[in-house]
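If you want the building blocks of each chain, they are given just below.
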Amino acid sequence: PGYLIKLGDHLAAEQRTWQLELDGLGKNIEHIKEIVAMQQSYARLSGVTEDLKAEDLVADALSINEAALGRHGVKVLREYQDVELVRVDKHKAMQILINLIRNAKYAMDATGRSEKILTMSIAPSEDNRVRIQVRDNGIGIPPANLTLIFQHGFTTKKDGHGFGLHSSGNAAREMGGNLSAQSAGTGQGAVFTLELPVARQVNGRIPAPPAPAQNSHNS
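Please read all numbers here as calculations on a predicted model, not as lab measurements. (Residues numbered from 1 in each chain as written. Predicted model: local features only at pLDDT ≥ 70, side-chain atom pairs only at ≥ 80, totals over all residues. Heavy atoms only, no water.)

**Brief notes about the nonpolar core**
At step 1: One finds L57, L62, L118 and M120 to be the most contacted residues of the largest nonpolar core, which totals 42 residues.
At step 2: If one sorts the elements of this core by residue count, helix α4 (residues 90-109) sits on top with 9 residues.
At step 3: Ignoring anything within four residues of it in the chain, the contact list for M120 reads V58, L62, V76, L77, R78, E79, Y80, I101, Q133 and V134. (Core = buried A, V, L, I, M, F, W, Y, C linked by side-chain atoms within 4.5 Å. Buried < 20%, exposed > 50% of the residue type's maximum accessible area, 1.4 Å probe, protein only. Helix = DSSP H or I, 4+ residues; strand = E, 2+ residues; numbered from the N terminus. Contact = heavy atoms within 4.5 Å.)

Put into structure tokens, the structure is as follows:
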């Protein structure tokens, strides 16, 4: 009887473990379905300009990269200011942000350090634009490469094709915005700045900004 009691306890513990794993798998599948649905939604809207919250664009881009950022131990910081709505092609804006976040992840992996910090910031900019910045503490960019990284075919990755930043820069300009990069040099991290135009004036006025966003919170 004592053996059977212990065996029963052991089987019950295993069942609880399996149930937890199944619950986790179910959540992951639901998350994948949400990401696929989100990507399909953006793909269908390619070529259509909309007035959107910059914070929503950043949130969606982070959500699509959430699993990869978690696996690589990346800590995400958010620094959002109140800004106007932006008028963009949602598909193009998302592709730019997803590419910048992935590049930042690879740049931080290349350092080998355990602390990887990705900072996403949103702030007003000049010329009726909104500035979205993707800042990492990765390997940085040598000064000589800052003038080359947006050229077609230029890459520092062994398996890179040199098309991501080039196409992202073109897409930003097509939306009336701009994409630029800054870095203090090798080992100093990098900042990519995406500027997007604010929504067009309605009845002579720029639409009111969205509800205030919480400032400087972490995930």
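After presenting the structure, the write-up continues.
**Details of the packing of aromatic side chains**
At step 1: Going through the model one piece at a time under the given rule, you end up with 1 aromatic pair.
At step 2: For the pair F150 and F192, a centre-to-centre distance of 6.4 Å together with 75° between the ring planes defines the contact as edge-to-face. Note that F150 is positioned in the loop between β5 (129-136) and α5 (164-174) and F192 in strand β7 (residues 190-197), a separation of 42 residues in sequence. (Phe/Tyr/Trp six-rings, centres within 6.5 Å; stacked < 30°, edge-to-face > 60°.)

**A word on the environment of M120**
At step 1: Mapped onto the elements, M120 comes out in strand β4 (residues 116-125).
At step 2: It is 5.0 Å that separates the C-alpha atoms of M120 and V134, two residues lying 14 residues apart in sequence.

**Re the pattern of salt bridges**
At step 1: According to the stated counting rule, one finds 5 salt bridges in the structure shown.
At step 2: E50 is the partner of K90 in a salt bridge, and the nearest nitrogen-oxygen pair spans 3.8 Å. Remark: E50 occurs in strand β1 (residues 49-52) and K90 occurs in helix α4; sequence separation between them is 40 residues.
At step 3: According to the relative accessible area criterion, K90 is buried, its value standing at 15%.
At step 4: In this structure, K116 engages D109 in a salt bridge whose closest nitrogen and oxygen atoms are separated by 2.7 Å.
At step 5: The class for K116 is buried, based on a relative accessible area of 13%. (Salt bridge = Lys/Arg side-chain N within 4 Å of Asp/Glu carboxyl O.)

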